[in-house]
Amino acid sequence: MTTEEEDNFILSIHAKFPYHDKEECLRLIEKAASISFDSMFKVVEEICRIYEPDKSEIGSPYLHELLLLMASKFEHPLKSMIVDAASKMIDNQDLEVDDVSKRMEIVKSYPGQYSALSILYFSCDDTEEKLEPIWDDIIAHWKKNGT
């Protein structure tokens, strides 16, 4: 179950991550670490799904630096898989849809990790929308169980 603090944090950075202010990025990474795993995965999502109009302005090396720093701040069974996907996204490399569907099924076992699930969902080019029913099933499963 999400907390109000987690919800507020996630809303505060969604599509507004301060890439150009490294000090603020570091502060947000520390804050996410003090809130929840989903908050931490949300920071990872903001790093790999950059909303800036010109991603090249920020540069992949800097985004990888932020990703590695974020990854150093926590341990979670999903961390390696999610960081791997995020790293590939930073480098504009799509994962295979079938691989992503398997990874999403793994995330299903970790209720409430919406940001981790979102990273995977957007890590491939699912032109046939194979992931839609998997996404819907996982979300329904989590909601049924109160997360």
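Note that the structure is predicted; figures quoted are calculated from it, not measured.

(A) Structural view of the packing of helix 3 (residues 37-48) against helix 6 (residues 79-90). Where helix 3 contacts helix 6, the axes come no closer than 9 Å and their chain directions differ by 20 degrees. By the angle class used here, helix 3 and helix 6 are roughly parallel. The chirality of how helix 3 crosses helix 6 is left-handed. Contacts between helix 3 and helix 6 involve Phe41, Val44, Ile47 and Cys48 from the former and Lys79, Ile82, Ala86, Met89 and Ile90 from the latter. Of the residues contributing to the contact of helix 3 with helix 6, the split by class is eight nonpolar, no polar and one charged.

(B) Representation of the nonpolar core. Counting 49 residues, the largest nonpolar core has Phe17, Val43, Ile47, Ile82 and Met104 as the members making the most contacts within it. At the level of secondary structure, the elements contributing two or more residues to this core comprise helix 1 (4-13), helix 2 (22-35), helix 3, helix 5 (60-71), helix 6, helix 7 (97-107), helix 8 (114-121) and helix 9 (131-144). With seven residues, the top contributor of residues to this core is helix 6. Among all residues touching Val43, those that are not within four sequence positions of it are Phe9, Ile13, Phe17, Leu28, Ile29, Ala32 and Met70.

(C) Highlighting helix 2. In this model helix 2 runs 20 Å from its N-terminal to its C-terminal C-alpha over 14 residues, within 8% of the 20 Å that 1.5 Å per residue would give. When helix 2 is considered as a whole, its buried residues turn out to be Cys25, Leu28, Ile29, Ala32 and Ile35. Down the axis, helix 2 shows its buried residues gathered within 125 degrees of arc, on one side only. Seen from the buried face of helix 2, the exposed residues on the opposite side, beyond 90 degrees, are Glu23 and Ser34. Structurally, helix 2 contributes buried residues whose contacts are with helix 1, helix 3 and helix 5.

(D) Highlighting the pattern of salt bridges. By the definition in use, this model includes 12 salt bridges. Put simply, Lys42 and Glu45 hold a salt bridge, and the shortest N to O gap is 3.3 Å. Placement of the pair is Lys42 and Glu45 together in helix 3, with a separation of three residues, close to one helical turn. Side by side, Lys42 and Glu45 carry an identical accessibility label, which is buried. Two residues, Lys42 and Glu46, come together in a salt bridge whose shortest N-O distance is 3.1 Å. In this pair, Lys42 and Glu46 are both assigned in helix 3, four residues apart and thus about one turn of the helix distant. Each of the two residues, Lys42 as well as Glu46, counts as buried. Residues joined by salt bridges that share partners form a network here, namely Lys42, Glu45, Glu46 and Arg49.

(E) Seen up close, the packing of aromatic side chains. For the structure on display, the rule yields six aromatic pairs. Where Tyr114 meets Trp142, the ring centres are 4.9 Å apart and the plane angle is 85 degrees; that geometry is what we call edge-to-face. Remark: Trp142 occurs in helix 9 and Tyr114 occurs in helix 8; sequence separation between them is 28 residues. Judged by relative accessible area, which is 0%, Trp142 ranks as buried. Through a chain of ring-to-ring contacts, three or more aromatic side chains come together here, namely Phe37, Phe41 and Phe74. Over the ring of Phe122 we find Arg49; its NZ or CZ atom is 3.6 Å from the centre of that ring. The ring of Phe74 is capped by Lys79, whose NZ or CZ atom sits 5.8 Å from the centre of that ring.

The rules behind the values
Residues numbered from 1 in each chain as written. Predicted model: local features only at pLDDT ≥ 70, side-chain atom pairs only at ≥ 80, totals over all residues. Heavy atoms only, no water. Axes fitted to C-alpha atoms, helices over the stretch in contact; angles between N-to-C directions. Helix = DSSP H or I, 4+ residues; strand = E, 2+ residues; numbered from the N terminus. Parallel < 35°, antiparallel > 145°, perpendicular 65-115°, else oblique. Left-handed = near helix turned anticlockwise from the far one by under 90°. Contact = heavy atoms within 4.5 Å. Nonpolar A, V, L, I, M, F, W, Y, C, P; charged D, E, K, R; others polar. Core = buried A, V, L, I, M, F, W, Y, C linked by side-chain atoms within 4.5 Å. Buried < 20%, exposed > 50% of the residue type's maximum accessible area, 1.4 Å probe, protein only. Expected span 1.5 Å × (residues − 1). Arc of directions from axis to C-beta. Salt bridge = Lys/Arg side-chain N within 4 Å of Asp/Glu carboxyl O. Phe/Tyr/Trp six-rings, centres within 6.5 Å; stacked < 30°, edge-to-face > 60°. Lys NZ or Arg CZ within 6 Å of the ring centre and 35° of its normal.

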